[in-house]
Amino acid sequence: MKFENVLADINGFGKFQKMIIAINFLGRFTLPCHFVLNNFIAAIPAHHCDISSLDDFLNLSQAERITVSIPVETDGSPSSCRMFAKPQYHLLLNSSDATDASTVPCQDGWVYDNTTFKSTITSEWDLVCDRRAKNKATATIFFVGVMFGAIAFGSLSDRFGRRIMLLVSYVSGMLFAVASAFSTTYVMFAVLRFFTGFCITGIVIVSSALCVEWVDIEHRKLVGVIDSLSWTFGSTVFAAIAYFVTDWRWLILSVTSPLILAIITWRWMPDSARWLIANGKLEQAQTYLKKCAKINQREDFIHTLNEETLSTIVDKEARGRTYTYLDLVRTPKMRKIALKTGLLWLCIATTFYGISFNIAGFGLNIYLTQFTYAIIELPAKLSVYYLLDKIGRRSTEVGALLLSALCLGINIVMPKDMSAARTAVAVIGKGFSSASFGTVTLYSSELYPTVVRQNGMGYNSFMGRFGVAVSPLILLLDEVWKDLPQVVLCSTAILGGLVARTLAETRNRCLPETIEDVEETQFNTNQKA
């Protein structure tokens, strides 16, 4: 007997499933905010050396003090990192007069322009000039936490259950995020951001599996797209939040606060009946299935939800066994799935974030840019909803990656002076890359069996976050050859498309429950459930 047969009896997409999706949508809102938070809390405002301690016996205005104390850059703006060793009063007579006066690094800190941001960690701890590397390190530290959190929560949710680990992720993520807003030193902030990333990544890992495991085959693609749209929604709303909250501490608190509602609504979140059955917890699974039948107004089928019936879904030998990441590579077909999906996630994440970090500016301020980047994803993900069933998961994934590669290739050969056209192509490329990201979460979750699904998704997420960390390094290759980053990203997208082409189609297929299901099944793209 298949679990899908049970879902068919009690309605695989009724009020019960919609409740799960709504609760998860709320909990996932904070994730994209934290992922792009560094663009705002670590923004570098215009700044110059603090000259307030210099003697002023001439009663100069602030502009005149800057003129005699700070050299100018080639664009005419005051230097951000250096000042004259001694005041150059002759510049008051001719400020454009070239001078060979010696300069020194800023001696008494910096003064920051607060027009756009009231406060950032940059201005808080002077993360500029020779300390600028620390500023960029905060994002890397966060994503390293996300990488290891994905591995940890993937394994823990397969061992202890989806529901309890979702709560752990909610509570721990909120506590570390709030604590980071009260950091008094840079080191304290960096450590807390690491643990924030480590903990909140459990939300996306666990919630995605919960949604997929509770809905029927027909609606799995809808759930996958809704999960993806929650990311777009969070990114879009975040632009408005950041616009009105310009202090970095309050911004962290603002984007973390929705987790309070997520914790409150968690009490209505069921555990995965699939996972409970696969782990021999038939009584608990029966309780949730009966609740599902009651809410979905299928009480007539409650009498069929007995432990004897549920026990036939998974073999006795598989029930109660503890699974680890090693089970992803113990058997031939599982090993191939793990290798291919891991490489696919790495290629997709590298391409997506490489394009995101390298899109030419629109001439907009930082808030409009954030909004534009987010809203671009909407049509891409809506098209995925149509294509997932029309042409299948595999074809959608392959097509999105190859079209991303095409856009990257066009920008390599397009003349550099055609900035508007290059920007438009880059935006289209980001849309295709977003479509590939929106597809891969659902696709890969359908490939893994229930008993190791969270281990598999944790491993995939780890590979994806590794791609996030690598993409900024790829962009530094422009020092070797201006177009080398585009060539590498284009090649990565093509590689991802080739890897996706070798995966099995999962459209209209029952989810595998055990590793044996995967090893014994001959995947056929035309097979129906």
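Residues numbered from 1 in each chain as written. Predicted model: local features only at pLDDT ≥ 70, side-chain atom pairs only at ≥ 80, totals over all residues. Heavy atoms only, no water.

K.L.:
Is there a simple way to explain the UniProt feature "transmembrane region" (unreviewed entry) in the protein chain in this structure?
P.N.:
Residues given the UniProt feature "transmembrane region" (unreviewed entry) here are residues 137-157, 164-188, 194-215, 222-244, 250-269, 343-364 and 395-414. Helix makes up 95% of residues 194-215 and strand 0%, with an end-to-end C-alpha separation of 34 Å. For the annotated span residues 395-414, helix accounts for 95% and strand for 0% of the residues, and the straight-line distance between the end C-alpha atoms is 28 Å. (UniProt positions renumbered as here; feature names shortened; annotations may be inferred. Helix = DSSP H or I, 4+ residues; strand = E, 2+ residues; numbered from the N terminus.)

K.L.:
Which parts of the structure should I look at to understand helix α17 (residues 366-375)?
P.N.:
Note on helix geometry: an α-helix contains 3.6 residues per turn, so any two residues three or four positions apart are oriented the same way. Looking at α17, one finds that the buried residues are Y367, T369, Q370, Y373 and A374. Down the axis of α17, the smallest arc covering the buried residues is 160°, so these residues share one side. (Buried < 20%, exposed > 50% of the residue type's maximum accessible area, 1.4 Å probe, protein only. Arc of directions from axis to C-beta.)

K.L.:
How do you make sense of the pattern of salt bridges when you look at a structure like this?
P.N.:
Close approach of charged atoms allows side chains with opposite charge to pair. In this structure the tally under the stated criterion is nine salt bridges. In this structure, R249 engages E124 in a salt bridge whose closest nitrogen and oxygen atoms are separated by 2.8 Å. One end of the pair, R249, is in helix α11 (residues 248-256); the other, E124, is in helix α6 (residues 121-125), with 125 residues separating them in the sequence. With its nearest N and O atoms 2.8 Å apart, the salt bridge here joins E213 to R453. Here E213 is found in helix α9 (residues 186-214), whereas its partner R453 is found in helix α21 (residues 453-475), with 240 residues between them in sequence. As far as burial versus exposure is concerned, E213 and R453 are alike and both buried. Among the ionic contacts, a cluster of salt bridges with common partners joins D158, R162, E213 and R453. (Salt bridge = Lys/Arg side-chain N within 4 Å of Asp/Glu carboxyl O.)

K.L.:
I would appreciate a short explanation of the side chain of T30 in the present structure.
P.N.:
On the secondary structure map, T30 appears in helix α3 (residues 30-35). Using a relative accessible area of 0% as the deciding quantity, one classes T30 as buried. Only 2.5 Å separates the side chain of T30 from the backbone oxygen of V255, close enough to count as a polar contact. The contacts of T30, once residues within four sequence positions are left out, are I203, V255, T256 and L259. (Polar contact = N/O pair within 3.5 Å; in protein donor to acceptor, adjacent residues only side chain to side chain. Contact = heavy atoms within 4.5 Å.)

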